[in-house]
Amino acid sequence: MTQVDLLIKNGHVFNVFLRKFVDTQVTVKNGKFYWVNQDLPGIRAKKTINLKGKYLIPGFVDAHMHIDSSMTTPAIMGQTILKYGTTTIIADDHEVTNVAGIKGLKNFIAEPSPIDIFFGIPSSVPSTNPDMETTGGKIGVKEVQELLKDPSFICLGEVMNFKDMTSPHKTLIKDIIKVCREEKPTMPLEGHVPAYAGEDLAKVIYAGVTTDHTEQTAALVNEKVPNGMFVEVQLKSMLQEVIDTIIKNNYFDHIALVTDDSMPDTLLHGHLNYLVKKAIKMGMTPEEAIYIATYTPARHMGLWDRGAIAPGRVADFIILDDLHDLSIAAVYKNGINAADIKEQTGYQFLPELRHSVNAPKLLPDDFVAKTDLVANGEVLANIIQLNPAGTFTNHIQEKLEVKDHIVQWQKAGLALIMVQDRYSGDGHYSLGFVDRGIVKDGAVGATWAHDHHNIMIMGTNTAAMLKIQHQLVEQQGGYIAAKGDKIVANAKLPIGGVASDQPMSVLGTEIGKVRKTLQELGYKNPNEIMSFSTLSLLVSPTIKISDKGLFEVKSQKKIPLFEEIK
């Protein structure tokens, strides 16, 4: 007679190896699945769950996400997404690493969480180089070698610097890839490969990158998968053409659903379960959608012990009332009902993370755009133009009027953008212009500005921009919006200026107010929060801004704000 902790019977159990549901019984012993079979002679269980025809699937595995990009901590992230069925995540917390280096990273990820968290080694800190952006932390070969010794780091986090990765010369990122290949030859190397195709894509794969999670099209998926690249599909890539391509070509073994960056207000409603449900609505069978949210991400990351309901696997599972609408009846972690897992509190973050914004308060004159090219007349301005969807931008030029060396950008219907160094203490900054950004009277600002996380503020009201800058310095980080010159939404982010230790219900509500304000100010994008914050992401095409100025992403060439009209 064998005693087990749990017996689950009378349910439809998803077998990932057969990719179908089977009617069988499941046992759990010491937090792992023990025997899975219709007949279980000699088994005695301490507790029995009668599913009465419900469905049993493995816990969801998110192979590419960022805890700090959700502006939260490991504990709160786990508490939030466990109820949605996500039981394992692989987090690349390069945001906090950009702020506070390896010391800050280690302190941040050490907070206990009710879910299992594995990590990607931040590969691109900074995402480009110190000549293009100022950061508080740097990751080099020495730091990578140190993190490789930690078994919780199971992949190299997204490699972003296309120019250095594909350079014929010796570069830091090529040295990092070489070290990873030597020390852990089978470790996945995550990539950030936005819109690269043809020889450019071949260069990336040749450099060693195995995976891409960026915005996909049907053509890109059809090029990446046959070339051996594992494709992680996040929400913005869930286009009908992409889903149809996956189904038509049976790409399921080469695909995983991932969340990448989940905003706090959206986490109030769902996590990876939302993407699985959406995939089903877009034409995948429930079996196919569940497969690429459980087994394929676990297998890709080398996590053989999860993502499946089979002997020896971690007993993480979800009980579903309904298969097609994915209604969750209960979630179990290590064979324990998530509702019975107690929250852990009291973790202490480093003082350096609590006091990370080291920038002087600006003056009204700092938000005046001036030029020495002409005293009166016109200049040609290089401008960041937003797209109605996604985080890519367009590079446009426009003639702007100049009076007494002051550029009259307001007359052109533009928004002013400012990025200030928050690390060195000298507070140097750069100015730029945005088309299709905020169009009404107000402003928005944040220290959550990918990936350098300097202070970034955009607006049409310079008095509001000044108030936001002062407030961000005083409260040591946040995401703030103003209407007119009055601050109306403020989500404080005191941990490294990128994360909050408030419950998700509080943080999500605050970020929701910022989002609503952006919408009211005329900002148009399906994800206003991420769209604004990636205006500083120097590896996301086409033109972005940092504290060092404007840059063309692919070439990494600096672009002057103003040019003479020829």
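For the structure, check the block above.
A brief look at the structure comes next. Note that this is a predicted model, so its numbers are computed, not measured. (Residues numbered from 1 in each chain as written. Predicted model: local features only at pLDDT ≥ 70, side-chain atom pairs only at ≥ 80, totals over all residues. Heavy atoms only, no water.)

### Topic: the side chain of Thr-294
- When you line up the elements, Thr-294 lands in helix H10 (residues 286-300).
- In this structure the side chain of Thr-294 is engaged in a polar contact, spanning 2.7 Å, whose partner is the backbone oxygen of Ile-290. (Helix = DSSP H or I, 4+ residues; strand = E, 2+ residues; numbered from the N terminus. Polar contact = N/O pair within 3.5 Å; in protein donor to acceptor, adjacent residues only side chain to side chain.)

### Description of the sheet that holds strand S28 (residues 557-559)
- Strand order in the open sheet formed by 3 strands is S26-S27-S28, with antiparallel pairing between adjacent strands. Looking at strand neighbours, the two that pair on one side only are strand S26 (543-546) and S28, the edges of this open sheet. Going across the sheet, the axis of each strand differs from the next one's by a mean of 40°, ignoring polarity. (Pairing = 2+ DSSP bridges. Axes fitted to C-alpha atoms, helices over the stretch in contact; angles between N-to-C directions.)

### Concerning the sheet that holds strand S8 (residues 116-121)
- Within the open sheet, the 8 strands sit side by side as S6-S7-S8-S9-S10-S11-S12-S13. Their pairing is parallel. Of all strands in the sheet, those with a lone pairing partner are strand S6 (60-65) and strand S13 (255-257), marking the two edges.
- Where helix H9 (residues 272-281) meets the sheet, it contacts S6, strand S7 (86-91), strand S12 (230-233) and S13, and its direction lies at approximately 105° from that of S6. (Contact = heavy atoms within 4.5 Å.)

### Overview of the packing of H9 against H10
- As a packed pair, H9 and H10 sit with axes 8 Å apart at the nearest point and diverge in direction by 150°. Taken together, the axes of H9 and H10 are roughly antiparallel relative to one another. You can see that H9 and H10 cross each other, and the crossing is right-handed. Between H9, through Leu-272, Val-276, Ala-279 and Ile-280, and H10, the contact on the second element is made entirely by Pro-286, Ala-289, Ile-290 and Ala-293.
- Split into classes, the residues belonging to the contact of H9 with H10 amount to 8 nonpolar, no polar and no charged. (Parallel < 35°, antiparallel > 145°, perpendicular 65-115°, else oblique. Left-handed = near helix turned anticlockwise from the far one by under 90°. Nonpolar A, V, L, I, M, F, W, Y, C, P; charged D, E, K, R; others polar.)

### Regarding the pairing of strand S22 (residues 442-446)
- With 5 of its 5 residues buried, S22 lies for the most part within the structure.
- Looking at chain direction, S22 and strand S24 (residues 478-483) are connected through 5 bridges and run antiparallel. Each bridged residue has a counterpart across the sheet, and for Gly-445 the counterpart in S24 is Ile-480.
- With 4 bridges joining them, S22 and strand S23 (residues 455-459) adopt antiparallel strand pairing. Directly across from Ala-443, in S23, lies its bridge partner Gly-459. (Buried < 20%, exposed > 50% of the residue type's maximum accessible area, 1.4 Å probe, protein only.)

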